[in-house]
Amino acid sequence: MTRTDTDLVIAGGGLAGATLALALAKVVPSLRVTVVEAFPLSPDALPESYQPSYDARSTALAWGSRLIFEQLGLWSRLSAHATPIEHIHVSDRGRFGATRLHAAEHGQAALGYVADNRWMGLCLMRELLDTGVQWEAPAEVVDMTPLAEGVRVSVRSGEATRELTAQCLVVADGGRSGLRDTLGFQTRTHDYGQHALIANVSTADSHRFHAFERFTDAGPMALLPHGSASRPGHQSALVWTLTDEVLDELLALPDDDKCRRLQERFGWRLGRFTRIGACNHYPLKLTTVDEPVRTGVALVGNAAHALHPVAGQGFNLALRGLMTLVEQFRLAVAQGASIGDLAVLRRYQTLHQQDWQQTVQFSDSLIRIFGQSLPPLALARDAGLVGLDLVPGAKRWFARKAMGIGGRRAMIDHPSATHREPTNHD
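For every chain, the first residue of the written sequence is number 1, and numbering continues from 1 onward in sequence order. With the structure being a predicted model, the display of local features is reserved for residues of pLDDT at least 70 and the display and counting of side-chain atom pairs for 80 or more, all residues being used for whole-chain, interface and lining totals. Just so you know, side-chain values use all the structure's heavy atoms and leave hydrogens and water out.

**Q** Lay out the overall build of the protein with the relevant residues and their values.
**A** Only DSSP runs of H or I covering at least 4 residues are called helices, and only runs of E covering at least 2 are called strands; the numbering of each starts at the N terminus. Looking only at helices and strands, one finds 11 helices and 21 strands in the protein. Only protein chains enter the area calculation, which uses a 1.4 Å probe; residues under 20% of their type maximum are buried, those over 50% are exposed, and those in between are partly exposed. Across the 426 residues in the protein, those meeting the buried criterion constitute 54%. In what follows, a contact means two residues having at least one pair of non-hydrogen atoms within 4.5 Å. For the protein, contacts bridging at least 24 residues in sequence account for 75% of all contacts bridging at least 6.

**Q** If you had to explain the packing of helix 2 (residues 63-71) against helix 8 (residues 314-335) to someone new, which residues and values would you point to?
**A** Between two packed helices, what matters for the description is the angle formed by their axes and the separation of those axes. To get an axis, fit a line to the C-alpha atoms, keeping to the stretch in contact for a helix; angles then go from 0 to 180 degrees between the N-to-C directions. Closest axis-to-axis distance for the helix 2/helix 8 pair is 9 Å, and the angle between their directions is 40°. Judged by the inter-axis angle, helix 2 sits oblique to helix 8. In this structure, helix 2 crosses over helix 8, and the sense of that crossing is left-handed. Residues Ser65, Ile68 and Phe69 of helix 2 form the contact with helix 8, whose own contacting residues are Phe315, Asn316, Leu319, Arg320 and Met323. Three classes are used, and their members are as follows: Ala, Val, Leu, Ile, Met, Phe, Trp, Tyr, Cys and Pro are nonpolar, Asp, Glu, Lys and Arg are charged, and the others, Gly among them, are polar. In terms of residue class, the contact of helix 2 with helix 8 is built from five nonpolar, two polar and one charged. Angles are sorted into four bins: roughly parallel if under 35 degrees, roughly antiparallel if over 145, roughly perpendicular if 65 to 115, and oblique for all others. Two helices that cross are described as forming a left-handed crossing if the nearer one is turned anticlockwise from the farther one by less than a right angle, and a right-handed crossing if clockwise.

**Q** Break down helix 2 for me, with residues and values.
**A** The buried fraction of helix 2 is high, at nine of nine residues. Here helix 2 has its buried residues at Trp63, Gly64, Ser65, Arg66, Leu67, Ile68, Phe69, Glu70 and Gln71. Just past helix 2, the residue Gly73 takes up positive phi, approximately 75°.

**Q** Quick rundown of the pattern of salt bridges? Include the residues and the values.
**A** One speaks of a salt bridge when a side-chain nitrogen belonging to Lys or Arg is within 4 Å of a carboxyl oxygen belonging to Asp or Glu. Applying the stated criterion to the full structure yields 12 salt bridges. Ionic pairing is found between Arg77 and Glu127, a salt bridge with its closest N-O pair at 3.4 Å. Residue Arg77 is located in helix 3 (residues 75-78), and its partner Glu127 is located in helix 4 (residues 117-128); the two are separated by 50 residues in the primary sequence. Residue classification places Glu127 among the buried residues on the basis of a relative accessible area of 14%. Between Arg188 and Asp290 there is a salt bridge whose closest N-O contact spans 3.0 Å. With a gap of 102 residues between them, Arg188 in strand 13 (residues 187-203) and Asp290 in the loop between strand 18 (280-289) and strand 19 (293-294) connect regions that are remote in the sequence. On the basis of relative accessibility, which here comes to 37%, the residue Asp290 falls in the partly exposed class.

So, in structure tokens, the structure goes:
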């Protein structure tokens, strides 16, 4: 095999790209990894301590994702600012149907967690400083050319562009990946005609580590416990689905009026809404790529599949896919094969495909089912939610989906991994 400048180029150093780099450093330390990230990165700029911001964006981590971070040796650091979800309440606004999930019923400490994106990024960066992963930042991958053995990657930094040869390129630059389009990957997009409004809110009553998934005639609304890893607080992370017209109207309102509108839609399960922070929003689309791999290149994370935020499945699905890719890279290196071989990447795609298809269908079906307002369908939804609450087998299936342990889990084999025997809950 021809000697290359590096073995793997990861385009994008966000949560997906940094997690992949860390996993490879732990599992396949002989692999030379270069991360190309558009935002500046300086180890000297990493703060010694972390002070959570009220307006920090956050991510819901399923229980299965915690297990992965434990394997990577990251959870002990990350958990310092990860709020546990001990209970989930799912309801249909204006209807009687509801179901409730409790971590204790499934023998776990939590169903999932909520962590600030910035905190997760800091934890990953600090862990990566002790590895041999190379960073090029600020820079971006702008093109790739297949070679007889590997790929040639074009990296632009400022006005200068240089070439790197590698065995493989992984595209991890997000759901609006310009590189994915440049390389000619075909996407399929379903536009839900809605926006997700993201904000942190405070309530008069404590959340007591409860998460709420509230389906309304205007779309789903989620409130996730946020702000403290050790004691129940009054802050929650809000994901509010709105039509374009309602979004524009809502953004123009003062904060007190925003809280009143939120109160009307959510109800009083957490008492009065007392504060709403900075509001961010983005259009809701289901984007998938039918063939996310080809010789020498693979798409991961949101570059491969961007989901509706209902049920908080997006990052957790991406994380499981990353571990499956790491597993295939480890096997390829052990067998003396190039990590960019099509057979290696297709094995990854095959192993991950069933998980992403089921997760996409699960998320998309919730939107379609709860988006119908016809009385017969509303009654069927109520019966379904009540049935989930009463039928142990159905409830356990729903809980496993929510906890991110319903799909395939790639078990990592490396010295620092935390191994445990499978239980009935796996």
